[in-house]
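Working through the structure, step by step
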Amino acid sequence: DSGVTQTPKHLITATGQRVTLRCSPRSGDLSVYWYQQSLDQGLQFLIQYYNGEERAKGNILERFSAQQFPDLHSELNLSSLELGDSALYFCASSVKGEKLFFGSGTQLSVL
Amino acid sequence: AQSVAQPEDQVNVAEGNPLTVKCTYSVSGNPYLFWYVQYPNRGLQFLLKYITGDNLVKGSYGFEAEFNKSQTSFHLKKPSALVSDSALYFCAVRGDTGGFKTIFGAGTRLFVKA
């Protein structure tokens, strides 16, 4: 167990809908990272937060947004969903941006 | 911009033989280099890292990796493969400046045959 908790584990929704993925980092970790894993694009970095502030941005679509709350948990919001958004979404946390601890992921299926 | 290349989609090796999974990288400044492993239906697990010091770093489960600055490579190695090593392996890089984002390679699937 990495200590990073992601909910829900599975999510099935329809095109055009909006969903929220939640991540609780390991106790004491200030950094939270979001990644998208799909068969054709591998593991893509989406966004990183550090102690509530956005620190780095990757290939995150404008339809996607994230935030980190004062208690350090993070949420990834995906809106106007398309079939191509179906993927495994991982959250990871770290202390100093070195070793990342990954959650078990949220499998999103857009039908 | 940071990037990581894992040139092999798949590596096949017989149990007991040595294995190598290749990785090359590009990053501004000094690299922080990592290997992670992913088993089916699981998140990624940290194997080892290089930040500074000895070019040969040792990690979990008998794995090691060699940092080569001139070739910008960080290949993962193990002297004797086990069937249980079969998994998806990711190389990752982070720069030492800026937002500390960690970029992953596409992954290499390792098959160890008994």
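Quick look at the structure, then. Fair warning: this is a prediction, and the values are worked out from it, not measured in the lab.

What follows deals with unusual backbone geometry. For residues besides glycine, phi is generally negative; the peptide bonds are generally trans as well. Residue and element names in this part refer to chain A. The omega angle of the peptide bond from Thr7 to Pro8 is -10 degrees, so this bond is cis rather than trans. When you line up the elements, Pro8 lands in the loop between β1 (5–7) and β2 (10–13). At Asn51, a position not held by glycine, the phi torsion is positive, near 50 degrees. On the secondary structure map, Asn51 appears in the loop between β5 (42–50) and β6 (53–57). A relative accessible area of 46% places Asn51 in the partly exposed class.

Quick look at the state of the cysteines now. Within this structure, the stated rule accounts for 2 disulfides over all chains. Through a disulfide, Cys23(A) is tied to Cys91(A); the S-S separation comes to 1.8 Å. The sign of the -50 degrees torsion about the S-S bond sets the Cys23(A)-Cys91(A) disulfide as left-handed. Note that Cys23(A) is positioned in strand β3 (residues 19–24) and Cys91(A) in strand β9 (residues 87–94), a separation of 68 residues in sequence. The pair Cys23(A) / Cys91(A) is uniform in exposure class, with both members buried. Disulfide pairing places Cys23(B) opposite Cys91(B) at an S-S distance of 2.0 Å. Between Cys23(B) and Cys91(B), the S-S dihedral sits near -65 degrees, and the bridge is therefore left-handed. Of the two residues, Cys23(B) sits in the loop between β3 (19–21) and β4 (24–26) while Cys91(B) sits in strand β10 (residues 87–94), which places them 68 residues apart along the sequence. The pair Cys23(B) / Cys91(B) is uniform in exposure class, with both members buried.

Turning to the packing of aromatic side chains, a few remarks are in order. When we look at a pair of aromatic rings, we describe it by the centre distance and by the angle of the planes. Summed over all chains, the structure comprises 14 aromatic pairs over all chains. Arranged with centres 5.8 Å apart and planes meeting at 40 degrees, the rings of Tyr35(A) and Phe102(A) form a pair that is tilted. Of this pair, Tyr35(A) sits in strand β4 (residues 31–38) while Phe102(A) sits in strand β10 (residues 101–102), and the two are 67 residues apart along the sequence. Using a relative accessible area of 0% as the deciding quantity, one classes Tyr35(A) as buried. Assessed through its relative accessible area of 3%, Phe102(A) is described here as buried. Between the aromatic rings of Tyr35(A) and Phe104(B), the centroid separation amounts to 5.2 Å while the plane-to-plane angle is 90 degrees, which identifies the pairing as edge-to-face.

This next bit is on the environment of Gln44(A). Residues and elements named next belong to chain A. Tracing the backbone through its elements, the reader meets Gln44 in strand β5. Between the C-alpha atom of Gln44 and that of Ser94, which follows or precedes it by 50 residues, the distance is 17 Å. Apart from residues lying up to four places away in sequence, Gln44 is in contact with Trp34, Tyr35, Gln36 and Asn59. Of the polar contacts made by the side chain of Gln44, one reaches the side chain of Asn59; its length is 2.7 Å.

One pass over the full model with this rule turns up 8 salt bridges over all chains. A salt bridge links Lys78(B) to Asp85(B), with the nearest nitrogen and oxygen atoms 2.8 Å apart. With relative accessibility at 4%, the residue Asp85(B) sits in the buried group. Through salt bridges that share partners, Arg63(A), Glu82(A) and Asp85(A) make up one connected network.

Along the chain, Phe111(B) falls in strand β12 (residues 108–113). With residues near it in sequence (within four places) discarded, Phe111(B) still touches Gln10(B), Val11(B), Asn12(B), Val13(B) and Ser86(B).

Chain B puts 20 residues into the contact, and the matching count from chain A is 18 residues. Between chain B and chain A, the buried area comes to about 1,500 Å², and carbon and sulfur atoms account for 57% of it. In this structure, the salt-bridge partner of Lys49(B) is Glu98(A), at a minimum N-O distance of 2.9 Å. Joining chain B to chain A, the criterion identifies 4 residue pairs in polar contact (both at pLDDT 80 or more). For the side of chain B that touches chain A, the secondary-structure elements that each account for two or more residues are β5 (32–38), β6 (44–50), β10 and β11 (102–104) of chain B. The greatest single-element share of the side of chain B that touches chain A, amounting to 4 residues, is contributed by β5(B). Across the side of chain B that touches chain A, the residue classes tally to 11 nonpolar, 5 polar and 4 charged.

Criteria and thresholds
- Residues numbered from 1 in each chain as written.
- Chains lettered and ligands numbered in written order.
- Predicted model: local features only at pLDDT ≥ 70, side-chain atom pairs only at ≥ 80, totals over all residues.
- Heavy atoms only, no water.
- Helix = DSSP H or I, 4+ residues; strand = E, 2+ residues; numbered from the N terminus.
- Buried < 20%, exposed > 50% of the residue type's maximum accessible area, 1.4 Å probe, protein only.
- Disulfide = S-S within 2.5 Å.
- Phe/Tyr/Trp six-rings, centres within 6.5 Å; stacked < 30°, edge-to-face > 60°.
- Contact = heavy atoms within 4.5 Å.
- Polar contact = N/O pair within 3.5 Å; in protein donor to acceptor, adjacent residues only side chain to side chain.
- Salt bridge = Lys/Arg side-chain N within 4 Å of Asp/Glu carboxyl O.
- Buried area = accessible area lost by both parts, 1.4 Å probe.
- Nonpolar A, V, L, I, M, F, W, Y, C, P; charged D, E, K, R; others polar.

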